[in-house]
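So the chains spell out like this:
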Amino acid sequence: MNTTNTPTMTVKEYIHSNKPRFLDELFELLRISSVSADSKYKEDVKRAAEFVKSSLEKAGVDKAEICPTKGHPIVYAEKIVDPKLKTVLVYGHYDVQPPDPLDLWTTPAFEPQIRDEKIYARGSCDDKGQVFMHVKALETMLGTSGLPCNIKFLIEGEEEVGSSNLTEFTRNNKEKLKADVILISDTSIIANDTPSIDVGLRGLSYVEVEVTGPNRDLHSGVYGGAVANPIQILCEMIAGMKDQNNHITIPGFYDDVLELSKAEREELNKAPFNLEDYKKDLNIDDVHGETGYTTLERTGIRPTFELNGIWGGYTGEGAKTVLPSKAFAKISMRLVPNQKSDKITKLFSDYFTSIAPKSVKVKVTPHHGGEPVVTPTDSPAYKAAAKAMEETFGKKPIPTRGGGSIPIVAMFEKELGLKSVLMGFGLDSDLIHSPNEHFGLFNFFKGIETIPLFYKYYAAS
Ligand code: BES
Ligand code: MN
Ligand code: MN
């Protein structure tokens, strides 16, 4: 494959001379609408898996395969240089969040475009763009100095819907997935001039609730005032789940929360963060959260209770006088060490059921969950990632706590006994999951440049 380039080319030169092609190839992947949540995209999800497989083959892996699951397929590939060398397992996901609301995109979600030095498309940052950095980093290494480690790739298609089939796959393929460490690029850095590495992620409990009042929608005048309105009841139940200090009132909710020491909290708050810029960016006059904690702490080390959606009754045009039969809400709770997803889901469910007045019936349906993690900063792999980033960014990366969740990190630790390094290159302002998601060209190419250095330093450690 590397016929036109001399083997003495450096990584930087190789990237530089292939930039347009790398982007063309990434755009091809971004054009595939691999939305895992919606079954109407099933074939597209499959096409994305095939694209990832063939791009890994072109990059130079020894073997690549599509592993079917009960849901969307998993792509597995490997390049074993020498079994005696260390092995890095690269994890990522090629599925994306639904693109809606469509009318808020400046250009269509699956028609990638570059504007102001950024790639705009659903999945550009989360996580196709970041997965593709690893594919191109492999090609670059093989086209230049070679590969100092063995590499395995596990790129799944169900991360955005809870990775429900990955645990079984992992259990059944322990030998195949054998490695020394897991490398993941699916998180962000503080800023392009302030590199960072997430050393913790929150866990998740996601539930849906249904409150039923009367057995049918009623006339709000004929019955109103005498029968419970399930929307009102649901709002009251939810409103009572936080006190004046925005402390969650579910009994036992905080029991297992690992409180950080004063020194640890001070350390965490040393990370560069400008509250005024933060508010300005979101167009809010004030932040909001648990009393006694800073914004970095509220997103990094404290659990949350958030409504993701609430609905019921009449929401169409004009006015309809109706006392609805049902009301619904989707609720996510972000968890921190040492909370357990199943336990929190049960605490919520028991409490929600216990506070429901006799005038309604309630139903709680748990969705996916995941456990929180902290990753080590004293491991050879973390040190290699930090050294690699320091070299390409010109600054030591700051260890940070990410507010999002990647549930498979804890799962891999449990099933494979492997720790992960979260060497992400996105920015929190990349609008992942939102309209106009984007990924900086700077970030994409910085990733491709940094990854080979990770292998170099990790192999030498
Ligand atoms: N890549 C994100 C998680 C993330 C983003 C971590 C930014 C840290 C910083 C991932 O794709 C994601 O969206 N995860 C979901 C959880 C999943 C179970 C649906 C999340 O955090 O909501
Ligand atoms: Mn992701
Ligand atoms: Mn995501």
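Not measured: the values here are computed from a predicted model.

Rules of the game
Residues numbered from 1 in each chain as written. Chains lettered and ligands numbered in written order. Predicted model: local features only at pLDDT ≥ 70, side-chain atom pairs only at ≥ 80, totals over all residues. Heavy atoms only, no water. Donors = N, O, S within 2.8 Å, 3.2 Å for Na, K, Ca; no water. Tetrahedral: all angles 85-135°; square planar, octahedral: opposite > 155°, others 65-115°. Helix = DSSP H or I, 4+ residues; strand = E, 2+ residues; numbered from the N terminus. Buried < 20%, exposed > 50% of the residue type's maximum accessible area, 1.4 Å probe, protein only. Phe/Tyr/Trp six-rings, centres within 6.5 Å; stacked < 30°, edge-to-face > 60°. Lys NZ or Arg CZ within 6 Å of the ring centre and 35° of its normal. Near = heavy atom within 4 Å. Polar contact = N/O pair within 3.5 Å; in protein donor to acceptor, adjacent residues only side chain to side chain. Areas by Shrake-Rupley, 256 points an atom, 1.4 Å probe, with all protein chains shown as cover. Nonpolar A, V, L, I, M, F, W, Y, C, P; charged D, E, K, R; others polar. Domains from an automatic or database assignment. Core = buried A, V, L, I, M, F, W, Y, C linked by side-chain atoms within 4.5 Å. Contact = heavy atoms within 4.5 Å. Pairing = 2+ DSSP bridges. Axes fitted to C-alpha atoms, helices over the stretch in contact; angles between N-to-C directions. Buried area = accessible area lost by both parts, 1.4 Å probe. Salt bridge = Lys/Arg side-chain N within 4 Å of Asp/Glu carboxyl O.

A. Broad picture of the coordination of the manganese ion (ligand 3). Only Asp 126 (OD), Glu 160 (OE), Glu 160 (OE) and His 433 (NE2) from the protein reach the manganese ion (ligand 3) as donors, at distances of 2.1 to 2.6 Å. Relative to the metal, the 6 donor atoms surrounding the manganese ion (ligand 3) lie at angles of 55 to 155 degrees, and the coordination shape comes out irregular. Mapping the donors of the manganese ion (ligand 3) onto the primary sequence gives the spacing D-x33-E-x272-H. For the pair the manganese ion (ligand 3) and the manganese ion (ligand 2), the metal-to-metal distance amounts to 3.6 Å, and Asp 126 bridges them. One end of the pair, Glu 160, is in the loop between β6 (150–156) and α4 (166–172); the other, His 433, is in the loop between β19 (426–427) and β20 (438–440), and 273 residues separate them in sequence. Residue His 433 is classed as partly exposed on the basis of its relative accessible area of 39%.

B. Layout of the coordination of the manganese ion (ligand 2). Coordination of the manganese ion (ligand 2) by the protein is provided by His 93 (NE2), Asp 126 (OD), Asp 186 (OD) and Asp 186 (OD), with metal-donor distances spanning 2.0 to 2.4 Å. Given 6 donor atoms and angles of 57 to 166 degrees at the metal, the environment of the manganese ion (ligand 2) is assigned as irregular. All donors of the manganese ion (ligand 2) come from a single chain, and their spacing in sequence reads H-x32-D-x59-D.

C. Highlighting the packing of aromatic side chains. Going through the model one piece at a time under the given rule, you end up with 14 aromatic pairs. Taken together, a centroid distance of 6.5 Å and an interplanar angle of 70 degrees make the contact between Phe 439 and Phe 444 edge-to-face. The two residues Phe 439 and Phe 444 agree in class, both being buried. Aromatic ring contacts, followed pair by pair, group Phe 305, Phe 348 and Phe 352 into a single cluster. Its end group placed over the ring of Tyr 120, Arg 115 keeps NZ or CZ at 4.0 Å from the ring centre.

D. Spatial organisation of the site of ligand 1. Taken together, the neighbourhood of ligand 1 is formed by 17 residues, with Glu 159, Asp 186, Arg 334, Ser 405 and His 433 sitting nearest. A distance of 3.0 Å is found between an oxygen atom of ligand 1 and a side-chain nitrogen or oxygen belonging to Asp 126. Asp 186 has a polar side-chain atom sitting 2.8 Å from a nitrogen atom of ligand 1. Alone, ligand 1 offers 520 Å² of accessible surface; in the complex the protein occludes 89% of this. Within the shell around ligand 1, the residues separate by chemical class into 5 nonpolar, 7 polar and 5 charged. For the shell around ligand 1, the domains that each give at least three residues are domain 1 (11–201 + 372–460) and domain 2 (203–257 + 303–370).

E. The nonpolar core, seen in detail. Membership of the largest hydrophobic core comes to 74 residues, with the highest contact counts inside it found for Val 88, Phe 153, Met 423, Phe 444, Phe 454 and Tyr 455. By residue number, the principal contributor to this core is helix α12 (residues 441–460), which donates 10 residues. Non-local contacts of Phe 153, meaning those with residues more than four positions away in its chain, are made with Leu 56, Val 61, Val 75, Tyr 76, Ala 77, Leu 89, Val 90, His 134 and Leu 138. Residues Ile 238, Ile 250, Ala 329 and Val 336 belong to the second largest nonpolar core, which totals 28 residues.

F. Fine view of the sheet that holds strand β5 (residues 118–120). Taken together, the 3 strands give an open sheet; going across it, the order is β4-β5-β20, and neighbouring strands pair in antiparallel fashion. Two strands close off the open sheet at either side, each with one partner strand: β4 (113–115) and β20. Strand after strand, the sheet turns through a mean of 30 degrees between neighbouring axes, direction not considered. In this structure, β4 lies alongside β5, joined through 3 bridges in antiparallel fashion. In the strand pairing of β5, Arg 115 is matched with Lys 118. Sitting on the sheet, α12 touches β4, β5 and β20, and the angle it makes with β20 is about 60 degrees.

G. How the structure looks around the pairing of strand β10 (residues 203–212). Burial analysis of β10 places 10 of its 10 residues in the buried class, the great majority of the element. Residues Gly 203, Ser 205, Val 207, Val 209 and Val 211 line one face of β10 and the alternating positions Leu 204, Tyr 206, Glu 208, Glu 210 and Thr 212 line the opposite face, and both faces are buried. Here β10 pairs with strand β14 (residues 326–335) via 10 bridges, running antiparallel. Among the inter-strand pairings, Val 209 is bridged to a residue of β14, identified as Ala 329. In this sheet, strand β15 (residues 361–370) lies alongside β10 in antiparallel orientation, the contact comprising 8 bridges. When the sheet's bridge partners are listed, Val 209 is paired in β15 with Val 364.

H. Seen up close, the domain arrangement of the protein. We note that the domain assignment places domain 1 (11–201 + 372–460) and domain 2 (203–257 + 303–370) within the protein. If you average the C-alpha positions of domain 1 and of domain 2, the two centres end up 36 Å apart. Between domain 1 and domain 2, the residue contacts involve 10 residues of the former and 10 residues of the latter. Between domain 1 and domain 2, the buried area comes to about 670 Å², and carbon and sulfur atoms account for 62% of it. It is Pro 372, Ser 405 and Pro 407 in domain 1 that bury the most area against domain 2; as a group they hold 63% of the surface buried on that side. The tally of links between domain 1 and domain 2 comes to 0 salt bridges. Across the domain 1-domain 2 interface, the total number found is 2 residue pairs in polar contact (both at pLDDT 80 or more). Of the residues in the side of domain 1 that touches domain 2, the class split is 5 nonpolar, 4 polar and 1 charged.

I. Here's a closer look at the environment of Leu 260. Along the polypeptide, Leu 260 turns up in the loop between α5 (230–239) and α6 (262–268). Judged by its relative accessible area of 16%, Leu 260 is buried. In the structure, Leu 260 is positioned 42 residues away from Arg 302 in sequence and 9.9 Å away in space, judged by C-alpha atoms.

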